[in-house]
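Residues per chain are reported as follows:
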Amino acid sequence: MGVQEPNGQERGTARRTLLGAAVLGAGGAVLGLPGVARADERHGDGGYRSLPKPTVIGHRGASGYRPEHTFGSYQLALDLGADVVEAGDLVPTRDGHLVCRHEPEIGGTTDVGTHPEFAARKTTKVLDGIPTTGWFTEDFTLAELKTLRAVERIPANRPHNTLYDGRWEIPTFEEVLRWQDEQTRKRGKQVWIYPETKHPTYFRALGLGLEERVAKLLRRYGKDKKDSPVILQSFEPTSIERLNKLVGNPLAVLLSGADTRPWDFVATGDPRTVADLITPEGLKWIASFAQGIGPTLDLVIPKDAAGNLTTPTTLVADAHHAGLVLHPYTMRNENPFLPANFRKGTDPTAYGDAFGAFKAYFATGIDGVFSDNADTALLARADFLGG
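As the structure is a computational prediction, the values presented were derived from the model and not from experiment.

K.L.:
Would you mind showing me how to read the sheet that holds strand β12 (residues 325-326) here?
P.N.:
Two orientations exist for strands paired in a sheet by backbone hydrogen bonds: parallel and antiparallel. Sheet architecture is open: seven strands sit in the order β4-β3-β8-β9-β10-β11-β12, paired in mixed fashion. Edge positions in the open sheet fall to β4 (98-100) and β12, since each of these has one partner strand only. Pairing of strand β3 (residues 89-92) with strand β8 (residues 196-197), which is carried by two bridges, proceeds in the parallel orientation. Residue pairing across strands places Asp89 opposite Glu196, the latter belonging to β8. Relative to the sheet, helix α7 (residues 210-220) contacts β3, β4, β8 and β9 (232-234), its axis offset from that of β4 by approximately 90°. Sheet strands touched by helix α8 (residues 237-246): β8, β9 and β10 (251-255). Its angle to β10, the strand with the most contacts, is close to 175°.

Next comes the structure, spelled out in structure tokens:
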């Protein structure tokens, strides 16, 4: 997920049905969402639509409490009750394996800088038009990456997470798929994951196409069907179009700021911006090959110049009318990541009024949300559905 700034056995089918019905009632009361029923009719029951609503998606696991994209983070997200775990921002190694890192540059998320044997690999590359200096996964074999350990990405905001620096290695996507099966067996309920293809145009130019590798692994583990517990996402619509031809999984297009252009559009000369994609026409186009969108929260409720929430847009109703679900990103508890009117003081490590912010976003009728703090999100959902 981009940086624009995302249970126990008793939570079974009956509980999911109850939550889904409750939130549809609440959402309809807020916005009168005529598209929700049509969306359900279009795609049918079961699969991703059987998830509780609003769905709580553990953003890179439980990254509010553990270094992101580690099995420590993924495991904690499940333990906290997340409905889905975003297990895998997928980037390739030099020898073609898919690993889980926020970005291909790993200087900020691993201890690679402390490894003298890799000092000469530090370099500057142009990543989606931006000069980026550091160490890149495509310059390492999987065996080399396995000698590294994960560290906290934003220690200035999460100093307590640095306690866990060095504890976990970089997981591969294949390891995640095995972990998903293992956790499903242990917990007696289906575990869902939500991987993302990162910078697919960049990697395709290097001969390391992501989509085919993702599809091959999903097929190997029998998780390439429309009702498989794996939702795939990407900021590049053409990556989702490509995946739509390779697998049957539910797919989501991620959307950043309204004035931005997906990098695949820039590379191919497509003049459309995100603002074009969130029009009814743009959403209809997305719905021709995907089942959902993952917009930045600012596309759902814009902020004013002071950073306060303003009036919700029509995106939720428009997307539902097109038959799409919305899983916006990213809710975090710390002050700097919350709308200004929900902050408490100026301490960058302190929590603001996250519950108030969740309430505002849930009231728009969104189908779910990416959150670094799944436990907070679940409590906020319970408040919303019960209130």
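The structure having been displayed, the exposition proceeds.
K.L.:
I'm lost on the packing of aromatic side chains in this one. Help?
P.N.:
Aromatic ring pairs are defined here through the distance separating the ring centres and the angle between the ring planes. Taken as a whole and assessed by the stated rule, the structure comprises 12 aromatic pairs. When the centroid spacing of 5.0 Å and the interplanar angle of 75° are considered together, the rings of Phe118 and Phe140 count as edge-to-face. Remark: Phe140 occurs in the loop between β6 (130-134) and α4 (142-145) and Phe118 occurs in the loop between β4 and β5 (123-127); sequence separation between them is 22 residues. On the basis of relative accessibility, which here comes to 5%, the residue Phe118 falls in the buried class.

K.L.:
For this particular structure, what's the right way to read the packing of α7 against α8?
P.N.:
A pair of packed helices is captured by two measures, namely the crossing angle of their axes and the spacing between those axes. Two elements in contact, α7 and α8, have axes whose closest approach is 10 Å; the angle formed by their N-to-C orientations is 35°. Like other packed secondary-structure pairs, α7 and α8 cross with a definite hand, here right-handed. The segment α7 lies against α8, with Glu211, Glu212, Val214, Ala215 and Arg219 engaging Ser239, Arg242, Leu243 and Leu246. Of the residues assigned to the contact of α7 with α8, the class counts are four nonpolar, one polar and four charged.

K.L.:
When you look at the packing of helix α5 (residues 173-187) against α7 in this model, what are you seeing that I'm missing?
P.N.:
Between α5 and α7, the shortest axis-to-axis distance is 11 Å and the interhelical angle comes to 30°. With respect to each other, α5 and α7 are oriented roughly parallel. Where α5 crosses over α7, the handedness of that crossing is right-handed. Along its contact with α5, which presents Phe173, Glu174 and Leu177, the element α7 presents Val214, Leu217, Leu218 and Arg220. Taken together, the residues of the contact of α5 with α7 break down into five nonpolar, no polar and two charged.

K.L.:
Would you explain the sheet that holds strand β7 (residues 192-193) in this entry?
P.N.:
Taken together, the four strands give an open sheet; going across it, the order is β7-β2-β1-β13, and neighbouring strands pair in parallel fashion. Looking at which strands have only one partner, the edges of the open sheet turn out to be β7 and β13 (368-371). Pairing between strand β1 (residues 55-58) and β13: four bridges, direction parallel. Note that in β13 the partner of Gly58 across the bridge is Ser371.

K.L.:
I tried to follow the pattern of salt bridges on my own but got confused; where do I start?
P.N.:
Pairing of side chains with opposite charge becomes possible as their charged atoms draw close. According to the stated counting rule, one finds 26 salt bridges in the structure shown. When the shortest N-O distance is used, the salt bridge between Glu138 and Lys125 registers 3.0 Å. With a gap of 13 residues between them, Glu138 in the loop between β6 and α4 and Lys125 in strand β5 connect regions that are remote in the sequence. Per residue, the accessibility class of Glu138 equals that of Lys125, and both read buried. Across the pair Asp139 and Lys125 runs a salt bridge, and its minimum N-O distance is 3.0 Å. Of this pair, Asp139 sits in the loop between β6 and α4 while Lys125 is found in strand β5, placing the two residues 14 residues apart along the sequence. In the salt-bridge network here, residues are joined through shared partners; they are Arg60, Glu68, Asp89 and Arg153.

K.L.:
Got a minute to help me understand unusual backbone geometry in this structure?
P.N.:
Glycine aside, residues mostly have negative phi, and peptide bonds are mostly found in the trans state. Of note, the amide linkage connecting Lys53 to Pro54 takes the cis form, showing an omega dihedral of -5°. The topology assignment puts Pro54 in the loop between α2 (35-43) and β1. With an omega of -15°, the peptide bond running from Tyr329 to Thr330 counts as cis. In this structure, Thr330 sits in the loop between β12 and α14 (354-362). Backbone geometry places Asp128, a non-glycine residue, at a positive phi of 50°.

K.L.:
Whenever I open this one, the environment of Glu196 confuses me. Can you help?
P.N.:
Within the secondary structure, Glu196 sits in strand β8. Residue Glu196 is classed as buried on the basis of its relative accessible area, which comes to 2%.

The rules behind these values
- Residues numbered from 1 in each chain as written.
- Predicted model: local features only at pLDDT ≥ 70, side-chain atom pairs only at ≥ 80, totals over all residues.
- Heavy atoms only, no water.
- Pairing = 2+ DSSP bridges.
- Helix = DSSP H or I, 4+ residues; strand = E, 2+ residues; numbered from the N terminus.
- Contact = heavy atoms within 4.5 Å.
- Axes fitted to C-alpha atoms, helices over the stretch in contact; angles between N-to-C directions.
- Phe/Tyr/Trp six-rings, centres within 6.5 Å; stacked < 30°, edge-to-face > 60°.
- Buried < 20%, exposed > 50% of the residue type's maximum accessible area, 1.4 Å probe, protein only.
- Left-handed = near helix turned anticlockwise from the far one by under 90°.
- Nonpolar A, V, L, I, M, F, W, Y, C, P; charged D, E, K, R; others polar.
- Parallel < 35°, antiparallel > 145°, perpendicular 65-115°, else oblique.
- Salt bridge = Lys/Arg side-chain N within 4 Å of Asp/Glu carboxyl O.

As far as function goes, none of this settles anything; it's purely spatial.
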